[in-house]
Amino acid sequence: MKTLSTSRFAFVLTLACFGVAPSVRGDEPARDTDGKSEWIQLFNGKNLDGWTPKIRHHAVGENYGNTFRVEDGLLKVRYDESAYKTFDERFGHLFYNKPFSHYRLRVVYRFVGDQVKGGPGWATRNSGLMLHGEDPKMMTIDQDFPTSIEVQLLGGNGKDERTTLNLCTPGTNVVMNGKLFLPHCTSSSSKTYHGEQWVTAEVEVRGSKLVRHIIEGETVLEYTQPQLDDRDPHAAMLADKQGGNLLDQGTISLQSESHPCDFRSVELMILDE
């Protein structure tokens, strides 16, 4: 727990007496006069400051083909034909430059247009929020997904049921209903969102204790004890490096998985531990 210097404490106390909340810097959580955390804007609506891309077969920081871009105030994932004559399994992720542990993440997203040629069938109208992820600098050059907990974002195909805010576990496992849960993906209980409508997705993350997927105020999936999977050599290396399997914190990243999508906002609220 951080402590305030005497002068800093006096300054904050003076502001509080007048009902003024002190300003915050960077990702320090803003708090109102009642002490409640406020939303931090991770995406500033102007550029990709604070974010780092990692696209398969390319070095960390190389935004191949301008895959991740900001246009019209939106964070867009696009596949220009000049760079993507075919997808060629160039899965990409855009990492926020600071890890988090206890927080609430909220994004507004939509799928648009058609999937790029060569994208896998399962990746149609598919993206994701990768949580408790590894540092992108730890990824190998040809690694497809960061070791992480994925909140899978799916759009409907116009006729069939297709839930969103599902769970996938690249190099990880979770505990569900009191038991270690080993399947790679599991569906949520959400409804299907067809077309190019905007969808608001939220995730409540409380370190290694609890993760909740929330949409329209309803919890659609819940699990505990996110952890590295020793069966995966890369994950086993990460577990050895951190001295254990439980994931209490990590990076947040947005996916590029072969279907164009937009993010209108990406915001986060720090939660007390």
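The structure displayed is predicted, hence computed values, not measured ones.

Scoring rules and cut-offs
Within each chain, residues carry numbers counting from 1 in the order of the written sequence. With the structure being a predicted model, the display of local features is reserved for residues of pLDDT at least 70 and the display and counting of side-chain atom pairs for 80 or more, all residues being used for whole-chain, interface and lining totals. Side-chain measures were taken over the full set of non-hydrogen atoms in the model, leaving aside hydrogen atoms and water. The secondary structure listing takes helices from DSSP runs of H or I that are at least 4 residues long and strands from runs of E that are at least 2 residues long, numbered from the N terminus. Under the scheme applied here, a residue whose accessible area is under 20% of the maximum for its type counts as buried, over 50% as exposed, and between as partly exposed, the area being computed with a 1.4 Å probe on protein chains only. Every residue pair with non-hydrogen atoms within 4.5 Å of one another is taken to be in contact. Two cysteine sulfurs form a disulfide in these notes if their separation is within 2.5 Å. Here, strands pair whenever DSSP counts at least two bridges between them. Note on definitions: salt bridges are taken to be side-chain nitrogens of Lys or Arg within 4 Å of carboxyl oxygens of Asp or Glu. Each nonpolar core is a collection of buried residues, namely Ala, Val, Leu, Ile, Met, Phe, Trp, Tyr and Cys, held together in the definition by side-chain atoms within 4.5 Å.

K.L.:
So what about the overall build of the protein? Which residues, and what values?
P.N.:
Scanning the protein for helices and strands turns up two helices and 17 strands. When burial is assessed residue by residue, the protein has 51% of its 273 residues classed as buried. Of the contacts formed within the protein by residues at least 6 apart in sequence, a portion of 69% connects residues at least 24 apart.

K.L.:
Pulling in residues and values, what's your account of the state of the cysteines?
P.N.:
By definition, a disulfide is the covalent link that joins the sulfur atoms of two cysteine residues. Under the defined criterion, the tally for this structure stands at one disulfide. Two residues share a disulfide in this structure: Cys168 and Cys185, whose sulfurs sit 2.1 Å from each other. The sign of the 110° torsion about the S-S bond sets the Cys168-Cys185 disulfide as right-handed. With Cys168 in strand β9 (residues 166-168) and Cys185 in strand β12 (residues 185-186), this pair connects stretches of sequence that are 17 residues apart. The exposure class assigned to Cys168 is buried, which follows from its relative accessible area of 2%. Its relative accessible area of 38% is what places Cys185 among the partly exposed residues.

K.L.:
Which residues make up the sheet that holds strand β5 (residues 92-96), and what values do they have?
P.N.:
Sheets are built from strands that pair by backbone hydrogen bonding, the pairs being arranged parallel or antiparallel. With respect to topology, seven strands assemble into an open sheet ordered β2-β5-β16-β7-β8-β9-β12, the strand pairing being antiparallel. Two strands close off the open sheet at either side, each with one partner strand: β2 (51-55) and β12.

K.L.:
Can you lay out the pattern of salt bridges for me, pointing to particular residues and giving the numbers?
P.N.:
Under the defined criterion, the tally for this structure stands at 15 salt bridges. Taking the shortest distance from any N to any O, the salt bridge between Asp262 and Arg78 comes out at 2.8 Å. One end of the pair, Asp262, is in strand β17 (residues 261-270); the other, Arg78, is in the loop between β4 (74-77) and β5, and 184 residues separate them in sequence. The exposure class of Asp262 is buried, given its relative accessible area of 1%. Its relative accessible area of 17% is what places Arg78 among the buried residues. Three or more residues joined by partner-sharing salt bridges are found here, namely Arg104, Glu202, Glu204, Arg206, Arg212 and Glu222.

K.L.:
I'd like to hear about the side chain of Thr172, residue by residue, with values.
P.N.:
Residue position: Thr172 is located in strand β10 (residues 172-176). Dropping the residues within four chain positions of it, Thr172 is found in contact with Thr147, Ser148, Ile149, Gln227, Leu228, Asp229 and Leu247.

K.L.:
So what's going on with the pairing of strand β13 (residues 199-206)? Residues and values would help.
P.N.:
For β13, the buried fraction is high: six of the eight residues fall into the buried class. As judged from the eight bridges shared by strand β6 (residues 102-111) and β13, these two strands associate in the antiparallel manner. Looking at β13, one finds that Val107 is bridged to Ala201. Of the pairings in the sheet, the one linking β13 to strand β14 (residues 210-215) comprises six bridges and is antiparallel in character. Across the sheet, Glu202 pairs through a bridge with Ile214, a residue of β14. Taking the residues between adjacent antiparallel strands as the criterion, β13 and β14 are bridged by three residues, where Gly207 takes a positive phi near 55°.

K.L.:
With reference to specific residues and values, describe the pairing of β5.
P.N.:
Successive residues of a regular strand alternate their side chains across the two faces of the sheet. Extensive coverage of β5 is indicated by the burial of five of its five residues. Because side chains alternate across β5, one face comprises the buried residues Gly92, Leu94 and Tyr96, and the other comprises His93 and Phe95, equally buried. Direction of pairing for β2 relative to β5: antiparallel, over a ladder of five bridges. Within β5, the position partnered with Pro53 by the bridge is Leu94.

K.L.:
Can you break down the nonpolar core residue by residue, with the values?
P.N.:
Ranked by internal contacts, the top residues of the largest apolar core, which has 52 residues, are Leu42, Leu105, Leu129, Leu131, Phe263, Val266 and Leu268. One finds Leu228, Ala235, Leu238 and Ala239 within the second-largest nonpolar core, a separate group that totals five residues.

That's the geometry; what it means functionally is another story.
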